Amino acid sequence: MKRYEEPNHLRFLTFSCYKQFPLFEDDWTKDVFVDVLQAQRGRCGFHLVAWVLMPEHVHLLLWPKLPGYPVSKILWGLKRDVARRVVSGFRDRASPMLDLMLNTRGQHQFWQRGGGHDRNIFSDHEVREKIDYINLNPVRRGLVEKATDWVWSSARWYGGDRGCGVGIDPIRRPG
C-alpha cells in the first residue's frame, strides 16, 4: 500500500483482525484497545476526529503529526501494543481465541497483514461523511439501535457526552 503523507490531510483508516475473526468480542479486549489508543495518541500527538471499534475491525479518522509521526508509525505502535496486551491476556485466561489466531508459522497473529485501507480526506463534505459512516457502523451492523449506545466509538462524544472514553479533537486543520 502506498501512503500519501501530506501535511494537513485528514486520514480515514480501516484495519482488521486476523482473518476477520471477532477478536474484540468481549469488553475487556475493547477496553485494551481504548487504553492503547489513548496512550498512542499521547505519544504521537495526532488529532483524533472519529473512531469506532467493531468486533473484527477498526475505523479511525485522524490527522497525523508530520513529519515525526506518519500514519505508518502511529499504526505500528497501536497495533503492536494492542496485540501484545490482548495475546498476553488471552494466554493468562487460557482463551480459546488463541487457537483462532494461529498463523501458518504456528505464531499468534492478532492483525490482518497489510496496510488496511487508508484514504486521504480533503473536503469538509468528506469529513462529515466519514464521521457519520464511522459513528453509524455499529447501528448498521445491528449491534445497537442508536449510535450513542455503542461505548467504543466517538458517537457518544458527538452526541454531547464529553466524559466518554476517548475525547475528540475539534474539527479544524492542525497548524
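Anyway, here's the lowdown on the structure attached to this text. (Residues numbered from 1 in each chain as written. Predicted model: local features only at pLDDT ≥ 70, side-chain atom pairs only at ≥ 80, totals over all residues. Heavy atoms only, no water.)

1. Some remarks on the environment of Val49
Mapped onto the elements, Val49 comes out in strand S2 (residues 47–53). Looking at Val49, the relative accessible area reads 0%, which means it is buried. Separated by 29 residues in the primary sequence, Val49 and Leu78 place their C-alpha atoms 17 Å from one another. Non-local contacts of Val49, meaning those with residues more than four positions away in its chain, are made with Leu10, Leu61, Leu62, Trp63, Ile131, Tyr158, Ile168 and Ile171. (Helix = DSSP H or I, 4+ residues; strand = E, 2+ residues; numbered from the N terminus. Buried < 20%, exposed > 50% of the residue type's maximum accessible area, 1.4 Å probe, protein only. Contact = heavy atoms within 4.5 Å.)

2. Topic: the sheet that holds S2
An order of S2-S3-S1-S4 is seen for the 4 strands of this open sheet, with the pairing classed as antiparallel. The open sheet has two edge strands with one neighbour each: S2 and strand S4 (117–121). The mean inter-strand angle of the sheet, taken between neighbouring strand axes irrespective of direction, is 15°. Where strand S1 (residues 10–16) and strand S3 (residues 57–63) come together, 6 bridges link them in antiparallel fashion. (Pairing = 2+ DSSP bridges. Axes fitted to C-alpha atoms, helices over the stretch in contact; angles between N-to-C directions.)

3. Here's the deal with the packing of helix H1 (residues 27–44) against helix H2 (residues 71–93)
The description of two helices packed together rests on the angle between their axes and the distance between the axes. As a packed pair, H1 and H2 sit with axes 9 Å apart at the nearest point and diverge in direction by 150°. Once H1 is placed against H2, the crossing between them reads as right-handed. When H1 is examined against H2, the residues Trp28, Thr29, Val32, Phe33, Asp35, Val36, Leu37, Gln40, Arg43 and Cys44 are found in contact with a partner set consisting of Lys73, Ile74, Gly77, Leu78, Asp81, Val82, Arg85, Val86, Gly89, Phe90 and Arg93. (Left-handed = near helix turned anticlockwise from the far one by under 90°.)

4. Some details on unusual backbone geometry
Pro67 follows Leu66 through a cis peptide bond whose omega is 5°. For Gln20, which is not glycine, the phi dihedral falls at a positive 60°. Structurally, Gln20 can be placed in the loop between S1 and H1. Positive phi is not limited to glycine here, since Ala94 has a value of about 50°. Residue placement: Ala94 occurs in the loop between H2 and helix H3 (97–100).

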